[in-house]
Amino acid sequence: MSRPSPKSPRRAVSRHYLGEIDKTMLMGMKKTALVSALCLTALAGCAGPTGAATGSTTARTTAGASTGTSTGISAGSSAGASATAPGAAQGSGAIAWKTCTGLTGPDGKPAAADPALQCGTLAVPLDYSRPGGERINLALIRVKATGDRIGSLVFNFGGPGGSGVDTLAMAARAFAALGTRYDLVSFDPRGVERSAGVRCGGDVETILAAVDGAGGDKAIRKYVAACEKDSGKVLPHVGTVDAARDMDRIRAALGDAKLNYFGLSYGTQLGAVYATHFPKNTGRFVLDAAYDPSGTFADRAVIQATGFATSFAAFAKDCVAQGCDLGQDPAAVKKTVETFVDGLRDKPLKVGKRTLTHALGQLGVITPLYAKATWPALEQAVAAAVKGDGAMLLALADTYTGRRADGTYATMLTSMQAISCADTSERPTPAQAAAVNRKIKKIFPVLAMSGTVPPCAHWPVPGDNRAKRIDATGSAPIMVVGAKGDPATPYRWAVSLTARLKTGTLLTYEGEGHGAYLSGSACVAQHVNTYLLTGKLPARDTTCPAA
């Protein structure tokens, strides 16, 4: 395919580019609303089995951060049996920190023990209505402050379902400026990885393939049955409100009077829910790539499809401007990508012993749209796939699904499913899902699915809407950060979440990508760091230019 201009060095990305991609962009910051848009059909919330039962002894653990019993659930004790009052975190106990072991590096290989990374566990009630009953052990990780310590800064990097232990281990250097004064702390939320992670038996790729065509409903019923068998005791208790209660226990165990917090993507919802339930315990909060959970399933799907369509249009324009292997103009780029992805429905592409299915092709295209730095990977991956080599596109999809180098999967997708379904009482009908899918197809066809099995179909837990209520009246000021070019959490959510909080201050970033702090914007970094380190907020309506 001819090109209008020579390829710039920035776009000359090698096949090994994925090894250089900032994993905090591709792994840590995934968004709950993708459950509605990309996974609106029989993916049942974009979840898939991990191939490991809850009691599996092969699941990754860290020294000092194991889940206690093989199920991650232990018998309770009489201690703390009385109800915990709002604002208090009774019976939290101390965390015994030890050097982390058993972590995996960005290349998927075992990471060498790093004395700077400390891991531990904290026992919390499985069911907060029975605080003296069974417990689960939350896995935590810490990087101690390098300078004059002012407290702890707790992170949630997104999901729902992302491992804070894994992400902070890889991303700590990106937050080094904050690490001069804070202990950097993160954790696997309940239902995630080492913290009684939700596991559903089977194979993620089989589910992703089956739900995109005939037999989807049958595949989902089988999958849901496996979830109930392997993780049934945990499923009713993995919602965001309970995770917020866990964070207050973490705050108390860390010895902090108030929780200082940095939430990205889904982490903004978790932070907003915490501030709603514990306003007096809320310290300095930054919510970047903000998500407003108050809308309906249909609203979220349409808003996010629009966000991805806008980001893809920006990618296509940028690609053409620098010489693009996918087309001579943005319309041609769009047609190339849409035609290839749609063609995978009937003709999936073999990649060695694996198969690039339609669903995996969708994820391979969507994933690099999360960060402008990874746009070149999207161009090269699709260009290669069109010629019959789907390896790079499949590798991009693997960063989303949590597939490891050894072929096993993290609990990312199964945890995402469980948490998302716990956080809503909505159970759309097949007809409602099909109607939403038709809207998505008009907005951004790459996201449109073949099947029409709704999200949370056949889920064994009813779910509730407590995590949709946001009102942090009485809390300290909360900084909300939104990027105008965010595909996964469009800017309008940053505006609406700021208003719902009642105590929010909005910082606007004019650039592209999911998450502004790690975008390379010195302006955003300065304002966020200043607030977290000194408590000084930016002026109202402050805007940072694109980096």
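The structure under discussion appears in the preceding block.
These remarks concern the structure in this document. Remember, it's a predicted structure, so these values are computed and weren't measured experimentally.

1. What about the packing of helix α5 (residues 240-254) against helix α6 (residues 266-277)?
Thinking step 1. Two elements in contact, α5 and α6, have axes separated by 9 Å at closest approach and are oriented at 70°. Classified by the angle between their axes, α5 and α6 sit roughly perpendicular to one another. On the side of α5, the interface is formed by T240, V241, A243, A244, M247, D248 and R251, while α6 contributes Y266, Q269, L270, V273, Y274 and H277.
Thinking step 2. Per-class residue counts for the contact of α5 with α6 are eight nonpolar, three polar and two charged.

2. Details of the pairing of strand β5 (residues 151-156)
Thinking step 1. Of all six residues in β5, six are buried, a share of seventy percent or more.
Thinking step 2. Inspection of the sheet shows β5 paired to strand β6 (residues 182-188) by five bridges, in the parallel sense. Paired with G151 across the bridge in β6 is Y182.
Thinking step 3. Running through helix α2 (residues 164-171), the crossover from β5 to the neighbouring parallel element β6 is right-handed.

3. Points about the state of the cysteines
Thinking step 1. In the structure shown here, the tally under the stated rule is five disulfides.
Thinking step 2. Between the sulfur atoms of C421 and its disulfide mate C456 the distance is 2.1 Å. Taking the torsion about the sulfur-sulfur bond, which here is approximately -100°, the covalent link between C421 and C456 counts as left-handed. With C421 in helix α12 (residues 412-422) and C456 in the loop between α13 (430-443) and β11 (478-485), this pair connects stretches of sequence that are 35 residues apart. There is no split in this pair, since C421 and C456 are both buried.
Thinking step 3. A sulfur-sulfur separation of 2.0 Å characterises the disulfide bridge that pairs C523 with C544. Taking the torsion about the S-S bond as the criterion, the C523 to C544 disulfide, at about -70°, is left-handed. Taken together, the residues span a long stretch of sequence, with C523 in helix α15 (residues 522-534) and C544 in strand β13 (residues 543-544) at a distance of 21 residues.

4. Structural notes on the nonpolar core
Thinking step 1. Core analysis: the largest hydrophobic core is formed by 60 residues, its most contacted members being L140, V154, W459 and L501.
Thinking step 2. With seven residues, α5 is the single largest residue contributor to this core.
Thinking step 3. Each residue touching W459, except ones within four places of it in the same chain, is listed here: Y223, V224, C227, L235, Q417, A418, C421 and R427.

5. Thoughts on the pattern of salt bridges
Thinking step 1. Going through the model one piece at a time under the given rule, you end up with 19 salt bridges.
Thinking step 2. Across the pair R194 and D188 runs a salt bridge, and its minimum N-O distance is 2.9 Å.
Thinking step 3. The partner of D398 in a salt bridge is R354, with the nearest N and O atoms 2.8 Å apart. Residue D398 is located in helix α11 (residues 391-401), and its partner R354 is located in strand β10 (residues 354-356); the two are separated by 44 residues in the primary sequence. Each member of the pair, D398 together with R354, is buried.
Thinking step 4. Put simply, D166, D188 and R194 are held in one network by salt bridges that share partners.

Thresholds, definitions, all that
Residues numbered from 1 in each chain as written. Predicted model: local features only at pLDDT ≥ 70, side-chain atom pairs only at ≥ 80, totals over all residues. Heavy atoms only, no water. Axes fitted to C-alpha atoms, helices over the stretch in contact; angles between N-to-C directions. Helix = DSSP H or I, 4+ residues; strand = E, 2+ residues; numbered from the N terminus. Parallel < 35°, antiparallel > 145°, perpendicular 65-115°, else oblique. Contact = heavy atoms within 4.5 Å. Nonpolar A, V, L, I, M, F, W, Y, C, P; charged D, E, K, R; others polar. Buried < 20%, exposed > 50% of the residue type's maximum accessible area, 1.4 Å probe, protein only. Pairing = 2+ DSSP bridges. Right-handed = clockwise from strand over helix to strand, strands pointing away. Disulfide = S-S within 2.5 Å. Core = buried A, V, L, I, M, F, W, Y, C linked by side-chain atoms within 4.5 Å. Salt bridge = Lys/Arg side-chain N within 4 Å of Asp/Glu carboxyl O.

Geometry only, nothing functional implied.
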